[in-house]
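Descriptive structure summary
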Amino acid sequence: MQALVAEMVGNFGSRLSEAYGINVRELTGDMNLTKSEIEETQIIVTTPEKWDIITRKSGDRTYTQKVRLLIIDEIHLLHDDRGPVLESIVARTVRQIEVGCMQCFVVTQAGLGLL
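In this text, all values refer to a predicted model and were calculated from it rather than measured experimentally.

This part is about the overall build of the protein. Tallying secondary structure elements over the protein gives 4 helices and 4 strands in all. When burial is assessed residue by residue, the protein has 35% of its 115 residues classed as buried.

Okay, here's the thing in structure tokens:
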């Protein structure tokens, strides 16, 4: 999964960085971002497991407060091994939006890698 994240960062980064000045960064178990890197980044590509860990931290909302659009790729995998993680991410995000902790749109997509 981390290899796919790195591939997507490279793909999005090459398309969006030069043309639009959009900074794309990776956030996985191997890669963390400092607060200044978060401030400079417009698109974060991460694994479901890493986002699950981040959104569970109730005290530190460094990442989640900045999110305006959450795209969940391969949502059809809810019936797979990763299903419970995806389900908890969606449920937690919806709950955070409802209580005003987040202001973002959630989009689910199957096959985002085709873009």
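Applying the stated rule across the entire model yields 3 salt bridges. For glutamate 40, the salt bridge identified is with arginine 25, shortest N-O distance 3.8 Å. Separated by 15 residues along the polypeptide, glutamate 40 in helix α2 (residues 35-40) and arginine 25 in strand β1 (residues 24-27) bring together distant segments of the chain. On the basis of relative accessibility, which here comes to 21%, the residue arginine 25 falls in the partly exposed class. Note that arginine 92 is salt-bridged to aspartate 52, the shortest N-O span being 2.9 Å. Taken together, the residues span a long stretch of sequence, with arginine 92 in helix α4 (residues 83-98) and aspartate 52 in helix α3 (residues 48-56) at a distance of 40 residues. Among the charged side chains, a salt-bridge network with shared partners connects Asp52, Arg56 and Arg92.

Looking now at helix α1 (residues 2-20). Relative to the 27 Å expected for 19 residues at 1.5 Å per residue, α1 spans 25 Å between its end C-alpha atoms, a close match to the ideal helical length. Of all the bends in α1, the largest measures some 35° and sits at glycine 13. Taken together, the buried positions of α1 are occupied by Val5, Met8, Val9, Phe12, Gly13 and Leu16. Looking at the buried residues of α1, the elements they touch are β1 and β2 (43-46). Positioned one or two residues after α1, glycine 21 has a phi angle of 70°, which is positive.

Let's shift gears to the confidence of the model for the protein. Taken as a whole, the protein shows an average pLDDT of 80; of its residues, 85% reach a score of 70 or greater. Least confident of the elements in the protein is strand β4 (residues 105-109), whose mean pLDDT is 69; most confident is β1, at 90.

Procedures and definitions
- Residues numbered from 1 in each chain as written.
- Predicted model: local features only at pLDDT ≥ 70, side-chain atom pairs only at ≥ 80, totals over all residues.
- Heavy atoms only, no water.
- Helix = DSSP H or I, 4+ residues; strand = E, 2+ residues; numbered from the N terminus.
- Buried < 20%, exposed > 50% of the residue type's maximum accessible area, 1.4 Å probe, protein only.
- Salt bridge = Lys/Arg side-chain N within 4 Å of Asp/Glu carboxyl O.
- Expected span 1.5 Å × (residues − 1).
- Bend = angle between axes of the 7 residues up to and from the residue.
- Contact = heavy atoms within 4.5 Å.
- pLDDT = per-residue confidence, 0-100.

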